[in-house]
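Architecture and fold: a report
Now for the letters of each chain:
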Amino acid sequence: MILPAQHPLSLTSSSLYTTTTASPPPSHYPRLPIGSFFSLGDSYSAGIGATCSWITDSFDPSGSCLKCAGAYPYQIIEIANSSSPSSSSSPQPKSRSKSGYDEDRKTETEKESAPHLYHLGCTGASIPDILVRGWDNRTSQLELMQTQRDSLRDGCDSCDEEGCEEEECEEKGEVPKWATISIGGNDVGFGDIVAECVMWHSNAAVCEDAMVRAEEKLGDPGLLEGLVRVYEAVIEVGVGVGAGKEGNGEGEQEFTLIVPGYARFFNEQTEECDGKFFLRGRYLTREFRARLNAMIERLNLVIRIAVAVTQMELVLGNRRGSVWFEDWDGVFEGRRFCEVGEGRHWEKDAWFFTVLGEDDLGGGDEVEGGVDAPAGEEVVDFKKIGRECEIGVFGKGAWDERLLCNWARVLEEERAGIELGDGDGRMNGDGEGELEKLSKTVYPWYVKKAMHPKSIAHRKLGKIIYRKWMEGEYS
């Protein structure tokens, strides 16, 4: 059997290494329905680096998953709605912020006809959170997907009993025929590198250990196997294997899974950053940047291979469904940290968020990172964290806790140095250390945002996925 080069099963260089360009979508698309869809995954799916509004829904009533309105799944919905003359430009989910999405503003006709997003993703999620357990004690994302699909399918079954057509049923309670998923970064341990190397570098041995552990996990066959299990499981639920009133498979459908990769943080060739650093992180030398970028390239390669293996098993097993890799990394060309050029800032102009940085909405619009904190979240008390770190009750868990713990320790050292007159000279006019002043306006979620794509990068990916879907490139 000979497969075309762009088929997801193909392992030719054109399918494994072709870079997706960020060219703008055409002004007019063929009238192909985008339909409702699921989105699963980690913080890249939740979009914590984007403009937020902190979306809550039935999958995450507490908002602990930190899903943001600027995330690419919500951007796809916004693009779809704004591209349709009969649809509202307001996307579907409700949020905590008045500036967020408001489903109540839609008419009943618009609610019925507009595509729906069932966003199951969660900041901090890893492969086990998709398959067997949920991050922060949530139900697994796969189980949430199955429950939602069953609910929608039951609605169609009742519709069938009443004698309405399948098309009519789908318009009123559509069973999604596709999904997106971003997963793998937390399984490798990139957060540990951010905490121990990129943002803070108080111990060279700890930093090196985090780097080596990530490199070892990237070479572990278990990562590839886990990704394949995830993709197969999501497709199985999406297809509806064994669905139907009698479990005879009559309720099965075609289903497409789109898998965006991760993005390299740095331009590793320039000398611009050799003497630069984030907060109190290590110097961003060309060697360090190249090593981090190589890890992300390796992860993307593992994801590509997992996609190809999954598609091969679907084809050889004569099973429904397809899976496609989408190269998000290509969107960031010229927009990484440490770029050079007239009027360019090595840090602020990158399409990745940094602690206390600004989001980029595109078109020259920027939003301060300190706006719109999650409900109930207060400014970090570094003195309290410092005490808890000292006795070992804080900083032993997630990478962001360790980062805050490192921050608190360095802050105490700098305070002591200033009191003794031994400070490093980085003081403001009030006699405060530079880090002391910065630390007064830090929320815990600022830290989680670090090194995540901004809104404009999510928008670019959303446009690419929407265009390809509408033009039939995922079929």
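Summarised in this report is the structure supplied together with it. (Residues numbered from 1 in each chain as written. Predicted model: local features only at pLDDT ≥ 70, side-chain atom pairs only at ≥ 80, totals over all residues. Heavy atoms only, no water.)

1. Some thoughts on the sheet that holds strand 4 (residues 256–260)
Taken in spatial order, the five strands line up as 2-1-3-4-5 in an open sheet, and their pairing is parallel. This sheet does not close on itself; its edge strands, each paired only once, are strand 2 (117–119) and strand 5 (322–326). Going across the sheet, the axis of each strand differs from the next one's by a mean of 20°, ignoring polarity. Contacting strand 1 (37–41), strand 3 (178–182), strand 4 and strand 5, helix 11 (residues 221–239) runs over the sheet at an angle of about 145° to strand 4. (Pairing = 2+ DSSP bridges. Helix = DSSP H or I, 4+ residues; strand = E, 2+ residues; numbered from the N terminus. Axes fitted to C-alpha atoms, helices over the stretch in contact; angles between N-to-C directions. Contact = heavy atoms within 4.5 Å.)

2. Details of the environment of Cys197
Within the element layout of this structure, Cys197 appears in helix 9 (residues 190–198). For Cys197 and Gly281, which are 84 residues apart along the polypeptide, the C-alpha to C-alpha distance reads 5.6 Å. The contacts of Cys197, once residues within four sequence positions are left out, are Asp192, Cys207, Met211, Gly281, Arg282 and Phe288.

3. Brief notes about the packing of aromatic side chains
One pass over the structure, following the stated rule, counts 20 aromatic pairs. When the centroid spacing of 5.5 Å and the interplanar angle of 75° are considered together, the rings of Tyr72 and Trp328 count as edge-to-face. With a gap of 256 residues between them, Tyr72 in helix 3 (residues 72–83) and Trp328 in the loop between strand 5 and strand 6 (358–362) connect regions that are remote in the sequence. Side by side, Tyr72 and Trp328 carry an identical accessibility label, which is buried. (Phe/Tyr/Trp six-rings, centres within 6.5 Å; stacked < 30°, edge-to-face > 60°. Buried < 20%, exposed > 50% of the residue type's maximum accessible area, 1.4 Å probe, protein only.)

4. Observations regarding the state of the cysteines
One pass over the structure, following the stated rule, counts five disulfides. Between the sulfur atoms of Cys52 and its disulfide partner Cys68 the distance amounts to 2.0 Å. Across the disulfide from Cys52 to Cys68, rotation about the S-S bond amounts to roughly -70°, and the bridge is consequently left-handed. With Cys52 in the loop between helix 2 (43–46) and helix 3 and Cys68 in the loop between helix 2 and helix 3, this residue pair connects regions lying 16 residues apart in the sequence. Side by side, Cys52 and Cys68 carry an identical accessibility label, which is buried. Paired by a disulfide, Cys273 and Cys338 hold their sulfur atoms 2.0 Å apart. Judged by the sign of its S-S torsion, about -110°, the bond between Cys273 and Cys338 is left-handed. Of the two residues, Cys273 is situated in the loop between strand 4 and helix 12 (286–316) and Cys338 in the loop between strand 5 and strand 6; the sequence distance between them amounts to 65 residues. Take Cys273: its relative accessible area is 0%, and that puts it in the buried class. (Disulfide = S-S within 2.5 Å.)

5. Examining helix 12
Between its terminal C-alpha atoms helix 12 stretches 44 Å, which fits the 45 Å expected from 31 residues at 1.5 Å a residue. Directly beyond the C-terminal end of helix 12, a positive phi value near 55° is found at Asn318. (Expected span 1.5 Å × (residues − 1).)

6. Brief notes about the environment of Glu236
Mapped onto the fold, Glu236 is located in helix 11. Given the relative accessible area of 47%, Glu236 is considered partly exposed. Sequence separation between Glu236 and Arg319 is 83 residues, and the spatial gap between their C-alpha atoms is 9.3 Å.

7. Regarding the nonpolar core
Counting 124 residues, the largest nonpolar core has Ile181, Ile193, Met199, Tyr231, Trp407 and Met451 as its most contacted members. With residues near it in sequence (within four places) discarded, Ile193 still touches Val198, Ala210, Met211, Ala214, Leu292 and Met295. (Core = buried A, V, L, I, M, F, W, Y, C linked by side-chain atoms within 4.5 Å.)

8. Quick look at the pattern of salt bridges
A complete count under the given rule lists 25 salt bridges for this structure. Here Glu254 ties to Arg320 by a salt bridge, and the two come within 3.7 Å at their closest N and O atoms. With Glu254 in the loop between helix 11 and strand 4 and Arg320 in the loop between helix 12 and strand 5, the pair connects residues that are 66 residues apart, well separated along the chain. Residue classification places Arg320 among the partly exposed positions, given a relative accessible area of 38%. Linked through salt bridges whose partners overlap, the residues forming this network are Asp192, Glu196, Asp209, Arg213 and Arg402. (Salt bridge = Lys/Arg side-chain N within 4 Å of Asp/Glu carboxyl O.)

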